[in-house]
Amino acid sequence: MIDLKLIREQPDLVREAISIKHGDPVVDEVLELDNTRRAIIGRVETLKNKRNTVSDEVARLKRAGESADDVIREMKITSDEITDLDVELRSVEEKLNTLLDTIPNITHSSVPDGKDATENIEIKRWSPDNDPSRFTARKGLDHLALAEKHNLFDFKRGAKIAAGGFPLYIGKGAQLERALINFMLDLHTRAHGYSEIMPPMFVNADSLRGTGNLPKFRDQVYYMPEDELFAIPTAEVPITNMYRDEVLKGEDLPIKYAGYSACFRREAGSYGKDTRGFLRVHEFNKVELVKFVDPDTSYEEHEKLTTDAERILELLAIPYRRLLLCKGDTGFSNAKTYDLEVWAPIEGKWLEASSCSNYEAFQARRANIRFKRDAKAKPEFVHTLNGSALATSRLMVALLENYQQADGSIVMPEALHPYLPFTKIG
């Protein structure tokens, strides 16, 4: 949520942010409701002062032995009006907050102009030994054919058990998935200084609202109405909400967490997109990095977080690139985002494996997460950051395709050898 004060003082800036992120034009309605709200609050304060004065007058009349009936009737009329105004105020504030929830975050000044993903900027491209041939398409078995050849995953039986887009991992495929998760968690906790978290896989509506998933992305999450719980789309949601409605100590910042979770996404609206195998699934595994940081250092911390995610790909020796998303492709809650895309040589295309974002105070304001620089300081909103490091689904595609040998076997990256009972599949 952006600051209401900013909407009052720079409405055109907010209008532009809404337009860039393809939101509904609600600024005028917000300002009208805000004016109504402040007028009601002003009227209530006037009436309360009047009621206090009348109350003093009642006490004076009674001490003097005089009748206070007329003054008491006047005080009741005033109290009734205050009650009515309080009801009206709650209604206005509810409408105002509903509209504020729909306004996207304002992008950082370093984010380039652009309407959509075609205008994102490639910042960096990496491959083992700086070999440009790594970024060319080649012939071979794609990840589905490799999975069938080596009995690694079974998407058909996964669909029979659940539905399409819910993969079933088998044998060495299951061991490889587990090895990737353990490798990423160990690197981030042992080398990068994150504390490990294993969060709940279900959250309440307040948690999803806090991270900006509700109400904007209501159609993308799985919901259990009997329990009023949602399956998490990412570990970002439960980890960020650990500190909802809390005040942190400034000396404890930055707070850094690495958490594994399964992730569940309905992928509504994905009709016509490539949904084969791991390219688009409803359930996948991911290690998520989340930081709570001092606003003064949040962009420095954002760069560090992105580098931490890139280190996974470099140790796995998987070619990747870093993209800086343009304004029109930057997410609803995000102020700035880098995407990390892995190269899949058999698919012959880039696959997004990570998004690393700075939300500034947007999530913290929604979730009321604050910090105090010292014991006597006024609480401020923290800045929240997160990044996939990494999602295993498309990482798995790139790993299998890049490590495929001419005979269809797959060698394992050296970084995974300590985590696996085999060094080659096939």
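Residues numbered from 1 in each chain as written. Predicted model: local features only at pLDDT ≥ 70, side-chain atom pairs only at ≥ 80, totals over all residues. Heavy atoms only, no water.

1. A look at the overall build of the protein chain
Then comes step 1: A tally of regular secondary structure across the protein chain gives twelve helices and 16 strands.
Then comes step 2: Counting only C-alpha atoms and orienting by the principal axes, one finds that the protein chain spans roughly 105 × 45 × 40 Å.
Then comes step 3: Looking at the protein chain as a whole, 51% of its 426 residues qualify as buried.
Then comes step 4: Counted over contacts in the protein chain with a minimum sequence separation of 6, partners at least 24 positions apart contribute 74%.
Then comes step 5: Carbon and sulfur atoms provide 48% of the accessible area of the protein chain, an area that totals close to 20,300 Å².
Then comes step 6: Across the protein chain, the mean location of the 59 positive side-chain charges is 2 Å away from that of the 69 negative side-chain charges. (Helix = DSSP H or I, 4+ residues; strand = E, 2+ residues; numbered from the N terminus. Buried < 20%, exposed > 50% of the residue type's maximum accessible area, 1.4 Å probe, protein only. Contact = heavy atoms within 4.5 Å. Areas by Shrake-Rupley, 256 points an atom, 1.4 Å probe, with all protein chains shown as cover. Lys, Arg positive; Asp, Glu negative; His and termini not counted. Charge placed at Lys NZ, Arg CZ, Asp CG, Glu CD.)

2. What about the sheet that holds strand β9 (residues 320–324)?
Then comes step 1: Taken in spatial order, the eight strands line up as β1-β9-β10-β11-β14-β8-β7-β2 in an open sheet, and their pairing is mixed. If you trace the sheet from one side to the other, it starts and ends with β1 (121–126) and β2 (195–197), each paired once. The mean inter-strand angle of the sheet, taken between neighbouring strand axes irrespective of direction, is 25°.
Then comes step 2: With respect to the sheet, helix α7 (residues 171–190) is in contact with β2, β7 (255–264), β8 (283–293) and β14 (383–391), its orientation differing from that of β8 by roughly 10°.
Then comes step 3: Set on the sheet, helix α10 (residues 298–315) makes contact with β1, β8, β9, β10 (336–344), β11 (349–358) and β14; between it and β14 the angle comes to about 5°. (Pairing = 2+ DSSP bridges. Axes fitted to C-alpha atoms, helices over the stretch in contact; angles between N-to-C directions.)

3. Some remarks on unusual backbone geometry
Then comes step 1: At the junction of Leu 214 and Pro 215, the peptide bond is cis and its omega measures out at 5° in the coordinates.
Then comes step 2: Here Pro 215 is to be found in the loop between α8 (205–211) and β4 (223–224).
Then comes step 3: Going from Leu 253 to Pro 254, the amide bond is cis rather than trans, its omega being 0°.
Then comes step 4: Even without a glycine there, the phi angle at Glu 360 is positive, about 50°.
Then comes step 5: Along the chain, Glu 360 falls in the loop between β11 and α11 (362–367).
Then comes step 6: Notably, Asn 368 is not glycine yet its phi reads approximately 55°, a positive angle.

4. Let's talk about the sheet that holds strand β3 (residues 202–203)
Then comes step 1: Strand order in the open sheet formed by three strands is β3-β5-β4, and the pairing between neighbours is antiparallel. Each edge of the open sheet carries a strand with a single partner, namely β3 and β4.
Then comes step 2: Sheet topology places β3 next to strand β5 (residues 229–231); two bridges connect them, and they run antiparallel. Its bridge partner being in β5, Phe 202 is matched across the sheet by Ala 231.

5. Observations regarding the nonpolar core
Then comes step 1: Phe 153, Leu 176, Leu 180, Ile 318, Leu 399 and Leu 400 are the most contacted members of the largest nonpolar core, which has 59 residues in total.
Then comes step 2: Among residues more than four places away in sequence, those in contact with Leu 399 are Leu 176, Leu 180, Ile 318, Met 412, Pro 413 and Leu 416.
Then comes step 3: Ranked by size, the runner-up nonpolar core spans 26 residues in total, among them Met 1, Ile 40, Leu 100 and Phe 362. (Core = buried A, V, L, I, M, F, W, Y, C linked by side-chain atoms within 4.5 Å.)

6. Describing the side chain of Thr 107
Then comes step 1: On the secondary structure map, Thr 107 appears in the loop between α4 (69–100) and β1.
Then comes step 2: Assessed through its relative accessible area of 16%, Thr 107 is described here as buried.
Then comes step 3: For Thr 107, the residues in contact, after removing those within four places along its chain, are Lys 21, Lys 327, Thr 330, Asn 334 and Ala 335.

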